[in-house]
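So you can see what is in the structure, the chains are spelled out below.
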Amino acid sequence: MMTIVIMPPKKKKMNKKLLIIIGNNIRENRKEKGLTQEELASKANLHRTYIGMIERAEKNLTVTNLQKIAEALEVSTGSLLD
């Protein structure tokens, strides 16, 4: 006998909202520091296009990469989530 499990729908709106907040905070901090996306990417050891996609909330990011970006911006990881 086969069991079928039905999963509830994903909460895309909530996830997208958080990605927008994080992206805006990264962009704001980057501009305050006078950095280009390319310069931030280099400091964080990430790809330039990845930074752009994060800032536009097009890409989900890992906690590890969030920490790399925070360290490159010299801010706390938590400040990028507010």
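Structure first, text after, so check above.
The model shown is predicted, which means the values in this text are computed figures rather than measured ones. (Residues numbered from 1 in each chain as written. Predicted model: local features only at pLDDT ≥ 70, side-chain atom pairs only at ≥ 80, totals over all residues. Heavy atoms only, no water.)

Chemist: Quick question: what am I supposed to make of the overall build of the chain here?
Modeler: Helices and strands together make up the secondary structure of the chain, namely 4 helices and 0 strands. Listing each helix as α and each strand as β along the chain from the N terminus yields α-α-α-α. Expressed as a percentage of the 82 residues in the chain, the buried residues total 32%. Across the chain, the fraction of contacts at a sequence separation of at least 24, relative to all contacts at a separation of at least 6, is 54%. Total accessible area computed for the chain in this model is approximately 6100 Å², and 55% of it derives from carbon and sulfur atoms. (Helix = DSSP H or I, 4+ residues; strand = E, 2+ residues; numbered from the N terminus. Buried < 20%, exposed > 50% of the residue type's maximum accessible area, 1.4 Å probe, protein only. Contact = heavy atoms within 4.5 Å. Areas by Shrake-Rupley, 256 points an atom, 1.4 Å probe, with all protein chains shown as cover.)

Chemist: How do you make sense of the nonpolar core when you look at a structure like this?
Modeler: Soluble globular proteins tend to pack their nonpolar side chains together in the buried interior. Residues Ile26, Leu40, Leu61, Ile69, Leu73 and Leu80 are the most contacted members of the largest nonpolar core, which totals 19 residues. Those elements that provide at least two residues to this core are α1 (12-32), α2 (37-44), α3 (48-55) and α4 (63-73). If one sorts the elements of this core by residue count, α4 sits on top with 5 residues. Not counting chain neighbours up to four residues away, the residues in contact with Ile69 comprise Ile26, Leu40, Ala44, Leu46, Ile51, Ile54, Leu61 and Leu80. (Core = buried A, V, L, I, M, F, W, Y, C linked by side-chain atoms within 4.5 Å.)

Chemist: Can you help me understand the packing of α2 against α3 in this one?
Modeler: To characterise two packed helices, one gives the angle between the axes of the helices and the distance between these axes. Two elements in contact, α2 and α3, have axes whose closest approach is 8 Å; the angle formed by their N-to-C orientations is 110°. Taken together, the axes of α2 and α3 are roughly perpendicular relative to one another. For the pair α2 and α3, the crossing hand works out as right-handed. Of the residues in α3, those touching α2 at Gln37, Glu38, Leu40 and Ala41 are Arg48, Ile51, Gly52 and Glu55. For the contact of α2 with α3, the class distribution of residues is 3 nonpolar, 2 polar and 3 charged. (Axes fitted to C-alpha atoms, helices over the stretch in contact; angles between N-to-C directions. Parallel < 35°, antiparallel > 145°, perpendicular 65-115°, else oblique. Left-handed = near helix turned anticlockwise from the far one by under 90°. Nonpolar A, V, L, I, M, F, W, Y, C, P; charged D, E, K, R; others polar.)

Everything listed is a geometric property; what it means functionally is a separate question.
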